[in-house]
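Architecture at a glance
The primary structure of each chain is shown beneath.
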Amino acid sequence: MMPGHRAGLATLECGGASGPVVIVLHGRGMQAADLAPFGESLGLDARFVFPDAPLALAAGGRSWWPVDAELRAQADAGRPSDLYRFDPPGRAAARAALGALCDALAPDRQRVLVGFSQGGMLAMDYVLHGGRVDALALLSSSSIALADWRPRLDALRALPLLIAHGRADDELSFAAGERLRELAVAGGAAVDWRAFDGGHGIPLPVWRALRQFLRRLPERRAAQDGQAPI
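So, a few notes on the structure that sits alongside this text. (Residues numbered from 1 in each chain as written. Predicted model: local features only at pLDDT ≥ 70, side-chain atom pairs only at ≥ 80, totals over all residues. Heavy atoms only, no water.)

A few words now on the sheet that holds strand β4 (residues 47–51). Spatially, the 8 strands line up as an open sheet ordered β1-β2-β4-β3-β7-β8-β9-β10, and their pairing is mixed. Because the sheet does not close on itself, it has two edges, and the strands there are β1 (2–6) and β10 (190–196). The sheet shows a mean angle of 20° between the axes of neighbouring strands, direction not considered. Relative to β4, strand β2 (residues 9–15) runs antiparallel, the two sharing 5 bridges. Bridged to threonine 11 within β4 is proline 51. (Pairing = 2+ DSSP bridges. Helix = DSSP H or I, 4+ residues; strand = E, 2+ residues; numbered from the N terminus. Axes fitted to C-alpha atoms, helices over the stretch in contact; angles between N-to-C directions.)

Spelled out as structure tokens, the structure:
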């Protein structure tokens, strides 16, 4: 795992020069190093990039936008959240930072975004605002800013989209994951929905689902280009 610095963000990177660029966005209170071993373990022909979110939190870890005190209090009280009404301050700035990173890393290569929790919210927000990706994976995440998102759902048409959520998630409710799935289906995405028996995390069944999802990308690209997969 090699440290780097791309478009103003510290990164950890691994993998080769061929295959897609897979950008993995961590959740609130985490950092790139928390997910980097997960990416390395997938063992795929791809370039994996794990950026650190720009904002350091006083309690440790980092965040893609300022933390909302009321939502933090809900989490501390043990009440899982569905954030579809939440429009976080700094959303546009986080989206711009991700866009700059994507353009710096993969201007001409196949591009995949994988987002866990808050990272999934940002990944979806980026795509709905015109960001180019070839596939998207949202792990234990939630919709946000629904009034802004809903009119933009056509941006998901035919996009391969993996959504995984735990039935016992005590931070972001299972209903939040189901809402993400409903939005993706409404937008015409090619949705792979994986509900699992577990909480707020990335257990082995999700690791397997993501690995399978990423391995199928060359076949999807060949089908889109009207070619037989190599």
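One pass over the structure, following the stated rule, counts 15 salt bridges. Across the pair arginine 111 and aspartate 103 runs a salt bridge, and its minimum N-O distance is 3.6 Å. Using a relative accessible area of 49% as the deciding quantity, one classes aspartate 103 as partly exposed. It is possible to trace a salt-bridge network through shared partners that takes in Asp87, Arg91, Arg95, Asp125, Asp148 and Arg152. (Salt bridge = Lys/Arg side-chain N within 4 Å of Asp/Glu carboxyl O. Buried < 20%, exposed > 50% of the residue type's maximum accessible area, 1.4 Å probe, protein only.)

With that out of the way, let us pick up helix α1 (residues 32–41). Within the sequence span of α1, burial applies to Ala32, Leu35, Ala36, Phe38 and Gly39. Two residues or fewer after α1 comes glycine 43, characterised by a positive phi angle close to 60°.

The next point concerns the packing of helix α3 (residues 91–105) against helix α4 (residues 118–128). Interaxial distance between α3 and α4 falls to 10 Å at its minimum, and their mutual angle equals 80°. The orientation of α3 relative to α4 falls into the category roughly perpendicular. Residue-level contacts link Arg91, Ala94, Arg95, Leu98, Gly99 and Cys102 of α3 to Leu122, Ala123, Asp125 and Tyr126 of α4. Of the residues assigned to the contact of α3 with α4, the class counts are 6 nonpolar, 1 polar and 3 charged. (Parallel < 35°, antiparallel > 145°, perpendicular 65-115°, else oblique. Contact = heavy atoms within 4.5 Å. Nonpolar A, V, L, I, M, F, W, Y, C, P; charged D, E, K, R; others polar.)

Further remarks concern the packing of aromatic side chains. Two descriptors summarise a pair of aromatic rings, namely the distance from one centre to the other and the angle between the planes of the rings. Taken as a whole, this structure holds 2 aromatic pairs when the rule is applied. When the ring of phenylalanine 48 is compared with that of phenylalanine 50, the centres are 6.4 Å apart and the planes differ by 15°; the resulting orientation is stacked. A single burial state applies to phenylalanine 48 and to phenylalanine 50, both of which are buried. Measuring from ring centre to ring centre gives 5.9 Å for phenylalanine 174 and tryptophan 193, while their planes differ by 45°; the resulting arrangement is tilted. Taken as a pair, phenylalanine 174 in helix α6 (residues 174–186) and tryptophan 193 in strand β10 lie far apart in primary sequence, 19 residues in all. Above the ring of tyrosine 84, the side-chain terminus of arginine 179 is found at 3.8 Å from the ring centroid. Just above the ring of tryptophan 193 sits the side chain of arginine 181; from NZ or CZ to the centre is 4.8 Å. (Phe/Tyr/Trp six-rings, centres within 6.5 Å; stacked < 30°, edge-to-face > 60°. Lys NZ or Arg CZ within 6 Å of the ring centre and 35° of its normal.)

On the secondary structure map, leucine 55 appears in strand β5 (residues 55–56). Accessibility expressed as a relative area gives 34% for leucine 55, which makes it partly exposed. When the C-alpha positions of leucine 55 and arginine 28 are compared, they lie 9.7 Å apart, and in sequence the two are 27 residues distant. Not counting residues within four places of it along the chain, the set of residues in contact with leucine 55 comprises Gly61, Arg62, Ser63, Trp64, Trp65 and Pro66.

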